[in-house]
Amino acid sequence: MSPRHPVLFVSHGAPDVLLKPGASVALWQRLGAELPRPRAILVISAHWAAREPTVSTAATPDTIHDFGGFPDALYAMEYPAPGAPALAARVRELLVAAALPCAETPDRGLDHGAWIPLKAMYPQADIPVVQLALQPFAGTDWHRRIGAALRPLRDEGVLILASGAVTHNFGWLTWGENSKPVEAARAFAAWLGEALARDDRPALLDYRRQSAHGAAAHPSEEHLLPLFSALGAASPGEIPLRLEPEYTYGGLAMDAYLWQDASPAPFNPEH
C-alpha cells in the first residue's frame, strides 16, 4: 500500500517572487523534487473566492495574471498544466458526502496563488491541477471542515496544496530589498508555529482572539483560510513540519507547513 500523500501549505508571497528567486523559491523547488510525485494536485488558493465551494472542471486551465504593476516578464509567464475533470468530480463527491455544498465551473484558470509556487515545484507543468474556491467570510472552521472532507484524496495520490500567507498586512510591508522583518509579523508567525506544533485546534480556529497579532496579521482572512483546509486534511494529532525560508518585503512571513507520512523517507529540511 502506498504511503499517504502529504498536505502542503505555502505562503506564496508577492507575485514577483519568481523574478528574484530566493530561499522561498529554492524551498519550493526542493519540495517538488523530493516529495512523492502526485498523480494530480488540488489547490486551495487565497485568490479564488466564491459564494460556495466551487471546483474547476477545466481540461486546459488558463494561466491567470491576476495582479498589476509588475515587470512584463511576469505577465509573459505561463503554466500550461492540464486540468483533471475526474479529480474535480471526486472533490464534489467528497464534499457532498460530508453535507457540504459544491458547485463547478468549466472555465476557471489557475490564479497566481496556484501557478507561482507550482511553477517552482513542478516546472514541466505535467501534473494535472484542479482548483477549489474558498469562502472568505465563512470562517476558519468551515474551511477545516472542507479539508477534513477532502482527506481521503491523500490516499488516492493527490497532493493537497493550500496557498495563502502566514502574514498579510500591507501596512507592514517595506518595499526595499533586504528589509528587516517586522516584529509583529515574527511574533504572529511564531505563535502560529507553536500552536500547530501542539495541534491546538481550538486556539488555531480562534486565532484572531487567541494570538496577540492575529487580527493585525490578517485584516481580512482570505490569505490564512487555506491553512485551515490543510489542517482539516491532516489527521488530528498529525504535526506539521514548519519550514521557515525567509521574510520578504519585511512583513511577509514565507513559512510553509508540511504534513507528511513518516515513510518511506520524510522531507528533510536540512539537506
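The paragraphs below set out a description of the structure included in this document. Keep in mind it's a predicted model, so treat the numbers as computed, not measured.

**Remarks on the overall build of the chain**
Turning to step 1, where the next piece is worked out: A tally of helices and strands in the chain yields 10 helices and 10 strands.
Turning to step 2, where the next piece is worked out: Taking 18 Å as the expected radius of gyration for a compact globule of 271 residues, we find that the chain reaches 17 Å, a close match to that expectation.
Turning to step 3, where the next piece is worked out: By its C-alpha atoms, the chain is 45 × 45 × 40 Å across when sized along the principal axes.
Turning to step 4, where the next piece is worked out: By the burial criterion, 56% of the 271 residues in the chain qualify as buried.
Turning to step 5, where the next piece is worked out: Sequence separation of at least 24 residues holds for 82% of the intrachain contacts in the chain that already meet a minimum separation of 6.
Turning to step 6, where the next piece is worked out: Taken as a whole, the chain presents about 11,000 Å² of accessible surface, with 54% of it coming from carbon and sulfur.
Turning to step 7, where the next piece is worked out: With 21 positive and 29 negative side-chain charges, the chain shows a spacing of 4 Å between the two charge centroids.

**Digging into the pairing of strand 10 (residues 256-259)**
Turning to step 1, where the next piece is worked out: Every second residue of strand 10 is oriented toward a common face, with A256 and L258 on one face and Y257 and W259 on the other, all of them buried.
Turning to step 2, where the next piece is worked out: Judged from the 4 bridges that link them, strand 1 (residues 7-11) and strand 10 form a sheet pairing that is antiparallel. Of the residues in strand 10, the one forming a bridge with V7 is W259.
Turning to step 3, where the next piece is worked out: As paired strands, strand 7 (residues 241-243) and strand 10 are joined by 3 bridges and run antiparallel to one another. Along strand 10, the bridge assignment pairs L243 with A256.

**A closer look at the side chain of R154**
Turning to step 1, where the next piece is worked out: Position of R154 relative to the elements: it lies in the loop between helix 5 (140-150) and strand 6 (158-164).
Turning to step 2, where the next piece is worked out: Since its relative accessible area comes to 1%, R154 is described here as buried.
Turning to step 3, where the next piece is worked out: For R154, the side chain forms a polar contact with the main-chain oxygen of H5, separated by 2.7 Å.
Turning to step 4, where the next piece is worked out: Ignoring anything within four residues of it in the chain, the contact list for R154 reads P3, R4, H5, P6, V7, I160, A233, A234, S235, E238 and W259.

**Overview of helix 4 (residues 112-121)**
Turning to step 1, where the next piece is worked out: Among the 10 residues of helix 4, 9 are classified as buried, and the element is accordingly described as predominantly covered.
Turning to step 2, where the next piece is worked out: Inspection of helix 4 places H112, G113, A114, W115, I116, P117, L118, A120 and M121 among the buried residues, and these make up the whole buried set.
Turning to step 3, where the next piece is worked out: On its buried side, helix 4 packs onto strand 1, helix 1 (23-34), strand 2 (40-49), helix 2 (72-75), strand 5 (129-134) and strand 6.
Turning to step 4, where the next piece is worked out: Here helix 4 starts with a cap whose side-chain oxygen sits 2.9 Å from the backbone nitrogen of G113, and that cap is D111.

**Some details on the packing of helix 5 against helix 10 (residues 225-233)**
The axes of two packed helices give the description: the angle between them and the distance between them.
Turning to step 1, where the next piece is worked out: Running from N to C, helix 5 and helix 10 cross one another at 40°; their axes reach a closest spacing of 6 Å. By the angle class used here, helix 5 and helix 10 are oblique. Here helix 5 runs over helix 10; the crossing is right-handed. Of the residues in helix 10, those touching helix 5 at T140, H143, R144, I146, G147 and A148 are L225, F228, S229, G232 and A233.
Turning to step 2, where the next piece is worked out: When the residues that make up the contact of helix 5 with helix 10 are grouped by side-chain class, the tally is 5 nonpolar, 5 polar and 1 charged.

**Quick word on the environment of V158**
Turning to step 1, where the next piece is worked out: Within the secondary structure, V158 is located in strand 6.
Turning to step 2, where the next piece is worked out: Separated by 118 residues in sequence, V158 and A40 have C-alpha atoms that sit 5.1 Å apart.
Turning to step 3, where the next piece is worked out: Residues in contact with V158, not counting those within four places in the same chain, are H5, P6, R39, A40, I41, L42, L87 and L153.

**So, the environment of P106**
Turning to step 1, where the next piece is worked out: Examined against the element boundaries, P106 turns out to sit in the loop between strand 4 (103-105) and helix 4.
Turning to step 2, where the next piece is worked out: When the C-alpha atoms of P106 and T60 are compared, they prove to be 9.8 Å apart, with 46 residues separating the residues in sequence.
Turning to step 3, where the next piece is worked out: If we ignore the near neighbours within four places in the chain, the residues touching P106 are T57 and A58.

What counts, and where the lines are drawn
Residues numbered from 1 in each chain as written. Predicted model: local features only at pLDDT ≥ 70, side-chain atom pairs only at ≥ 80, totals over all residues. Heavy atoms only, no water. Helix = DSSP H or I, 4+ residues; strand = E, 2+ residues; numbered from the N terminus. Rg over C-alpha atoms; globule rule 2.2 N^0.38 Å. Buried < 20%, exposed > 50% of the residue type's maximum accessible area, 1.4 Å probe, protein only. Contact = heavy atoms within 4.5 Å. Areas by Shrake-Rupley, 256 points an atom, 1.4 Å probe, with all protein chains shown as cover. Lys, Arg positive; Asp, Glu negative; His and termini not counted. Charge placed at Lys NZ, Arg CZ, Asp CG, Glu CD. Pairing = 2+ DSSP bridges. Polar contact = N/O pair within 3.5 Å; in protein donor to acceptor, adjacent residues only side chain to side chain. Axes fitted to C-alpha atoms, helices over the stretch in contact; angles between N-to-C directions. Parallel < 35°, antiparallel > 145°, perpendicular 65-115°, else oblique. Left-handed = near helix turned anticlockwise from the far one by under 90°. Nonpolar A, V, L, I, M, F, W, Y, C, P; charged D, E, K, R; others polar.

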